[in-house]
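Spelled out, the chains give:
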Amino acid sequence: MISIITPVYNGERFIESCLQVVIDQNCLEVEHIIVDGGSSDKTVDIIKDKANQYPHIRWISEKDRGQSDAMNKGIAMAQGLIIGILNVDDFYEINALNRICKIFLTLQEPSFIVSNCNILDQKDKIIFINKPNRLRTIDLLLERRVNDDGIIDASFPVNPSAYFYHKSLHEQIGLYKVEDHYVMDVDFLLKAVRSSHVKYFNETWGNYRYYPGTKTFDDSTRGTSIVRIKHLFNDYIKTLSLMEQGQIWLARNMNFILLKIFYFYKYPERLPESIRQRLTKYSRT
C-alpha cells in the first residue's frame, strides 16, 4: 500500500481538488491521510464529506507545530510501506500512483525514487520542468544548483509530488525537523539520498504550483530562501568525510582554478618567484 500524506491548514480553496486528485488515480492500493492543523475555515467540513464517501481517506484535525509536525503525524498514521507527500495545492499526473506501486514491487528497501515535476504558475501554465537526474550528494550540495530566484534547479527535486520512498527510510534518517518550517524537505532529501537506493525516472509524476502568496514563493522573493539553503548546505557539508568535503570544494572552485591556470600559462613571468623556482627545479630532474 502507498500512503499519501497531505498537511493542510485553512486550505478550503484546494482541499476538495486535492482529495479528488487521489480519488481519480483509481489506485486500489492507496490511503490518503489528511493532517489538518485545526482549520477555522471550511476545510474540515470538506474533508468529512469526502471521507464519508471514500474509505481510503483518513484524517485528523488538531493544532500542530507546523508543516513538519503535520507530516510526522501522517507518517505515524501511515499503514503503507510507501510514502508520498502531496501538498494541498499540488497534484499528480494521471495514473501516477499505479505506476509507483508497480515500480516499488522490484525495489530494494529502503528506496527513494524521483521523477520530473512540472512547475506551474497561478494559471497552471508550465514555467519549467524540473528534471533531477543527478542525485549524488555532491551534485545536490553545489551552491550553483540554487538559481538567482532562490529555487533549487535541475539537480534537486523541487517538490514531493514527484518523489516517493519506503516508510522504513525514516528509521534510518529520522523524521522531518519540527523546528524547521521552510527547508525541512531539503534537509530530508540530503539525508534520504545518502541513506537509500536512489533511482531517477525520466517521466513526469508531479505538478507543483509556484505563485505569489504561497510560503515557498514569498520566502524566495524575500531572498531568505537562498540564505536558508546555503546555511543548511554548509552545516551538512561539515558532517561529510574530508575527501567528500574536498570534492565539493574543488567543484565549487573549479572555474576559478582553471582561470588561474590559464592566466599563468599565458603570463608565466607573473608567477610568484618561489613557484617559478620549484617549477624550474622539477623541470631539470
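What counts and what doesn't
Residues numbered from 1 in each chain as written. Predicted model: local features only at pLDDT ≥ 70, side-chain atom pairs only at ≥ 80, totals over all residues. Heavy atoms only, no water. Buried < 20%, exposed > 50% of the residue type's maximum accessible area, 1.4 Å probe, protein only. Helix = DSSP H or I, 4+ residues; strand = E, 2+ residues; numbered from the N terminus. Phe/Tyr/Trp six-rings, centres within 6.5 Å; stacked < 30°, edge-to-face > 60°. Polar contact = N/O pair within 3.5 Å; in protein donor to acceptor, adjacent residues only side chain to side chain. Contact = heavy atoms within 4.5 Å. Lys, Arg positive; Asp, Glu negative; His and termini not counted. Salt bridge = Lys/Arg side-chain N within 4 Å of Asp/Glu carboxyl O.

1. Looking at helix H3 (residues 67-77)
So, point 1. For H3, the buried fraction is high: nine of the eleven residues fall into the buried class.
So, point 2. Within H3 the residues assigned to the buried category are Ser68, Asp69, Ala70, Met71, Asn72, Lys73, Gly74, Ile75 and Met77.

2. Section: the packing of aromatic side chains
So, point 1. Scanning all chains against the criterion turns up ten aromatic pairs.
So, point 2. Ring pairing ties together the aromatic residues Phe112, Tyr163, Tyr165, Tyr176 and Phe188, which thus form one cluster.

3. What to know about the environment of phenylalanine 164
So, point 1. Locating phenylalanine 164 in the fold gives a position in strand E8 (residues 163-166).
So, point 2. Linking phenylalanine 164 and cysteine 101, residues 63 residues apart in sequence, is a C-alpha distance of 10.0 Å.

4. Details of the side chain of serine 115
So, point 1. Within the fold, serine 115 resides in strand E6 (residues 111-120).
So, point 2. Engagement of the side chain of serine 115 in a polar contact is seen with the backbone nitrogen of tryptophan 205, the distance being 3.3 Å.
So, point 3. The residues contacting serine 115, other than those within four sequence positions of it, are Asn130, Pro132, Ala162, Tyr200, Phe201, Glu203, Thr204, Trp205 and Gly206.

5. Some points on the side chain of lysine 50
So, point 1. Checked against the element boundaries, lysine 50 lands in helix H2 (residues 43-53).
So, point 2. The charged side chain of lysine 50 is buried without a salt bridge, its nearest counter-charge being glutamate 16 at 4.2 Å.
So, point 3. Polar contacts involving the side chain of lysine 50 include one to the side chain of glutamine 20, which spans 2.8 Å.
So, point 4. With sequence-adjacent residues up to four places away left out, lysine 50 is seen in contact with Glu16, Leu19, Gln20, Ile23 and Ile57.

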